[in-house]
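Spelled out from the first residue to the last, the chains are:
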Amino acid sequence: MGGMDAELKATRMYLRRFAEERLSPVSGMKIEGIDMSDIEVKDLPEVKLSGPIITVDGPSGAGKGTLCQMLAAKLNWALLDSGALYRVTALAAKQHGVAFDNEAGLEAIAAHLDVQFKVPSNTETAAEAGVQVILEGQNVTSNLRTEEAGAIASQVAAVTSVRSALLDRQRAFQQQPGLIADGRDMGTVVFPSAELKVYLTASAEERGQRRYKQLIESGKNASLAGIIEDIRARDDRDMNRAVAPLKPADDAIVIDSTSMSIETVFEQVQQAAQKAGLLA
């Protein structure tokens, strides 16, 4: 019973925050046997989201992550690494004892993730240092890179209500002085009104070469042909899926980085940001 009590306690905590932030009446509310009747909801003022947004979408291996880290460092804006959110949600659920078949608990956790993505303020070191993921005040970056994290993230991603909750949570990242949003549907679905939208791509062969080099340098065996084949298969799935297919927004700036250094890509995006009035 101890494990079940801990799970119910953790779920109640997140549901309390869920109810308070949405300002919805919860008197007598029950979710999966969790009594919410004693939770008081205060009449809090509505918080308006604000702040400009730059979205960077594109396929895996095109350089989105590095570009976004450099932009966040240059502008001193917040960063959203949308690709990490399912792993973060899964880790938060595990830490709070919420089972992966408890859809209500998972939804509440996803909707109220206390997570930040930190990058160094120096653009020259931002790309090398990478992103630090801070969950509830703790650096959990290394925890997200394990095979277990990937496995439990896939379980969480299969829950429809979690996907819906994470859409709202991503939009809640909008803030002053601005936000850099890294993903696959940031400009088309999550932030369709963003001030600047970038779609960064590269040929499958070039992206395969980049990934192959990373693996070899880290001491791992790899097949270049196999990597390229996997990339093409993933591109096909992402571009032809029924919901939020991978594609440039109609008003996005499309950059092909196949023959470009990340510094050249960064310079082009900076020029676009200046033109949009986002960079002095």
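All figures in this text were calculated on a predicted structure; none of them were measured in a lab.

Caption draft 1: How the structure looks around the overall build of the protein. Looking only at helices and strands, the protein features eleven helices and ten strands. For the protein, restricting intrachain contacts to residue pairs at least 6 apart in sequence, the fraction spanning at least 24 positions comes to 71%.

Caption draft 2: Spatial organisation of the pairing of strand β9 (residues 196–201). Where burial is concerned, most of β9 is hidden: six out of the six residues are buried. The alternating pattern of β9 places L196, V198 and L200 and K197, Y199 and T201 on opposite faces, both of which are buried. Examined bridge by bridge, strand β3 (residues 53–57) and β9 share four bridges and lie parallel to one another. Within β9, the residue paired with D57 across the bridge is Y199. Pairing geometry for β9 and strand β10 (residues 253–256), over four bridges, is parallel. Across the sheet, Y199 pairs through a bridge with V254, a residue of β10.

Caption draft 3: View of unusual backbone geometry. A cis amide bond, omega 0°, links Q176 with the succeeding residue P177. Positionally, P177 belongs in the loop between α7 (160–171) and β8 (179–183). Phi at E136 takes a positive value of approximately 50°, unusual for a residue other than glycine. Along the chain, the position of E136 falls in the loop between β6 (132–135) and β7 (138–139).

Caption draft 4: Main features of helix α6 (residues 147–157). For α6, the set of buried residues is A149, I152, A153 and V156. For α6, the angular spread of buried residues about the axis comes to 110°, placing them on one side. On its buried face, α6 sits against α3 (85–95), α4 (103–111) and α7.

Caption draft 5: Inspection of helix α2 (residues 64–75) at higher detail. Taking 1.5 Å per residue, twelve residues should reach 16 Å; α2 reaches 16 Å between its end C-alpha atoms and fits that length. Within α2, nine of the twelve residues are buried, which leaves it mostly tucked inside the rest of the structure. Burial in α2 covers these residues: K64, L67, C68, Q69, M70, L71, A72, A73 and L75. Phi for N76, located one or two positions after α2, is positive at around 60°.

Caption draft 6: Spotlight on the pairing of β3. Buried residues dominate β3, accounting for five of its five residues. Side-chain alternation along β3 places I53, T55 and D57 on one buried face and I54 and V56 on a second face that is also buried. By the bridge criterion, five bridges tie β3 to β8 in an arrangement that is parallel. Each residue of the ladder has a partner; that of I54, found in β8, is I180.

So, how was this worked out
- Residues numbered from 1 in each chain as written.
- Predicted model: local features only at pLDDT ≥ 70, side-chain atom pairs only at ≥ 80, totals over all residues.
- Heavy atoms only, no water.
- Helix = DSSP H or I, 4+ residues; strand = E, 2+ residues; numbered from the N terminus.
- Contact = heavy atoms within 4.5 Å.
- Buried < 20%, exposed > 50% of the residue type's maximum accessible area, 1.4 Å probe, protein only.
- Pairing = 2+ DSSP bridges.
- Arc of directions from axis to C-beta.
- Expected span 1.5 Å × (residues − 1).

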